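Chain by chain, the residues:
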Number of protein chains: 2
Amino acid sequence: MKDKLLILSGGMDSVTMLYHYQNEIALALSFNYGANHNAKELAFAALHCQQLGIAHVVIDLGFMAQHFKSSLLEGADAIPEADYDEENMKSTVVPFRNGIMLSIAAGLANSRGLKAVMIANHGGDHAIYPDCRQVFVSAMDEAVGAGTDNEVRIFAPYTNLCKSDIAKIGAGLGIDYSLTWSCYKGQEVHCGVCATCRERKQALADAGIEDTTVYQS
Amino acid sequence: MKDKLLILSGGMDSVTMLYHYQNEIALALSFNYGANHNAKELAFAALHCQQLGIAHVVIDLGFMAQHFKSSLLEGADAIPEADYDEENMKSTVVPFRNGIMLSIAAGLANSRGLKAVMIANHGGDHAIYPDCRQVFVSAMDEAVGAGTDNEVRIFAPYTNLCKSDIAKIGAGLGIDYSLTWSCYKGQEVHCGVCATCRERKQALADAGIEDTTVYQS
């Protein structure tokens, strides 16, 4: 039954979820929150919704770039270039970003009579981003249930998968990952050296997918 | 210690909390979400922050008026005029509004190094608005804690008071309630007949406060 709303960034994980659960998703919701790479991501988000015939809404959260503190909102030069680990990536945390997205998604789902909000958080992000962990998702699910008279709940089926597992699902579905965006720098092509590009390369390699992404270096 | 952020609408309840906890509040946060009465409320919110020397941020949530369904977002004629009870007021629910406001407030608090988000939900709203109840506030507090590595928590000290109790606190603090806004119609002066105006009159009467509000009827 098509009664779910998916939060879709245009990156590998949420694009995989869009194809994986396409028969259950009535609406995809993307956010422009002023991150360096939002424009790149959003173009791919729109493309996949069009290909699958799924309605797509984009909501602007310009206040984040104006009022929040994160290297993700400060231009390409602020993005760390080493491996994807806690010390390097901490500066890219946008405080309570997933909480904000899930809340808005819950309100929109409730307005449209949809029963679940899907989000593609995964295990690889747990160490760095507190709002990607199971304990957060469970608490947020309780809050959304309580705040909507249980008309909406959260469904996050990739919470305990790693990014390579997700790429394997995508390989099985025939997804063309060159039509997704990862790089936090958000320049013309993927930089190839930031932590998010490194993580992308690794996941595609682990899943045995030929990486046709154009990298700057 | 001034380490808290208050969500301030400019209505009786949050203005009371602003004065009541003025020594703990570092920042007041108001939202313009496209409701009929936002402009009226926001002017009073700004006025009280200025009087108390408390920093004030206003965030625009224009997407709500565009995408969400509620009579509160549909113009004055859509607002029910009878008593403040469940049947009449249901149409004024803005889906998961408090969840959205608390999430954004939590992210902003975390960005500024503040430790708590305060909200002035109260017992009189429990029947109608699921996102004003204790069970919602507790779940949301868990979610905010989990999503910020426990750097931010929620503090909602009026959750189990009624509006008359709050007005009594305000009377003790000498608050001039003519400088607050309640009417959901958001016209030049308070209409005096909508459910929110009726509730306002009752609370002021219960607290023994002379009601100097200008009402249209």
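Each remark here, short or long, concerns the structure printed above.
Residues numbered from 1 in each chain as written. Chains lettered and ligands numbered in written order. Predicted model: local features only at pLDDT ≥ 70, side-chain atom pairs only at ≥ 80, totals over all residues. Heavy atoms only, no water.

S.K.: I'm lost on the relation of the copies chain A and chain B in this one. Help?
M.R.: In this arrangement, two copies of a chain are superimposed by a rotation about an axis accompanied by a shift along the axis. In screw terms, the move from chain A to chain B is a rotation of 180° and a rise of 0.0 Å along the axis, fitting with an RMSD of 0.0 Å. Such values leave the two copies arranged in the relation of a two-fold axis. Looking at chain A, 100% of its interface residues are interface residues in chain B too, so the copies touch through the same face. (Least-squares fit on C-alpha atoms with pLDDT ≥ 70 in both. Contact = heavy atoms within 4.5 Å.)

S.K.: How should the pairing of strand β2 (residues 25–32) of chain A be read in this particular structure?
M.R.: One face of the sheet, then the other: side chains in a regular strand alternate in exactly this way. Residues and elements named next belong to chain A. Within β2, 6 of the 8 residues are buried, which leaves it mostly tucked inside the rest of the structure. Relative to β2, strand β1 (residues 4–7) is paired through 4 bridges, and the arrangement is parallel. The partner of Lys4 across the bridge, within β2, is Ile25. Taken together, β1, helix α1 (residues 12–20) and β2 form a β-α-β motif whose crossover is right-handed. One ladder, built from 6 bridges, connects β2 with strand β3 (residues 55–60); its direction is parallel. When the sheet's bridge partners are listed, Leu29 is paired in β3 with Val57. Handedness of the β2-helix α2 (residues 38–52)-β3 crossover: right-handed. (Buried < 20%, exposed > 50% of the residue type's maximum accessible area, 1.4 Å probe, protein only. Helix = DSSP H or I, 4+ residues; strand = E, 2+ residues; numbered from the N terminus. Pairing = 2+ DSSP bridges. Right-handed = clockwise from strand over helix to strand, strands pointing away.)

S.K.: I'm lost on the nonpolar core in this one. Help?
M.R.: With 103 residues, the main nonpolar core has A:Tyr33, A:Leu61, B:Tyr33 and B:Leu61 as its most contacted residues. Sequence-distant contacts of B:Leu61, that is, excluding residues within four places in its chain, are made with A:Phe63, B:Phe31, B:Asn32, B:Tyr33, B:Ile100 and B:Ile104. Counting residues in hydrophobic clusters, the runner-up holds 24 residues, among them A:Leu8, A:Met17, A:Cys49 and A:Ile166. (Core = buried A, V, L, I, M, F, W, Y, C linked by side-chain atoms within 4.5 Å.)

S.K.: So what exactly am I meant to see when it comes to helix α1 (residues 12–20) of chain B here?
M.R.: Think of an α-helix as turning once every 3.6 residues; residues three or four places apart then point the same way. Residue and element names in this part refer to chain B. Of all 9 residues in α1, 8 are buried; the element is thus mostly enclosed. Within α1, the full set of buried residues consists of Met12, Asp13, Ser14, Val15, Thr16, Met17, Leu18 and Tyr19. Next to the buried residues of α1 lie β1 (4–7), β2 (25–32), α2 (38–52), β4 (116–118), α7 (163–173) and α8 (195–206).

S.K.: Explain the packing of aromatic side chains here, please?
M.R.: The geometry of an aromatic ring pair is captured by two quantities: the separation of the ring centres and the angle between the planes. Residue and element names in this part refer to chain A. Inspection of the entire model under this criterion finds 6 aromatic pairs over all chains. Geometrically, the ring pair formed by Phe96 and Phe136 is edge-to-face, given 5.7 Å between the ring centres and 80° between the ring planes. Residue Phe96 is located in the loop between α4 (86–89) and α5 (97–111), and its partner Phe136 is located in helix α6 (residues 134–147); the two are separated by 40 residues in the primary sequence. Here Phe96 falls in the buried class, since its relative accessible area comes to 1%. (Phe/Tyr/Trp six-rings, centres within 6.5 Å; stacked < 30°, edge-to-face > 60°.)

S.K.: Looking at this structure, I do not really get unusual backbone geometry. What am I missing?
M.R.: Backbone geometry follows two general trends: most residues other than glycine have a negative phi, and most peptide bonds adopt the trans configuration. All names here are of chain A. For Phe96, which is not glycine, the phi torsion reads 55° and is therefore positive. Positive phi, close to 60°, is recorded for Asn150, a residue that is not glycine. Inspection of the secondary structure puts Asn150 in the loop between α6 and β5 (153–155).

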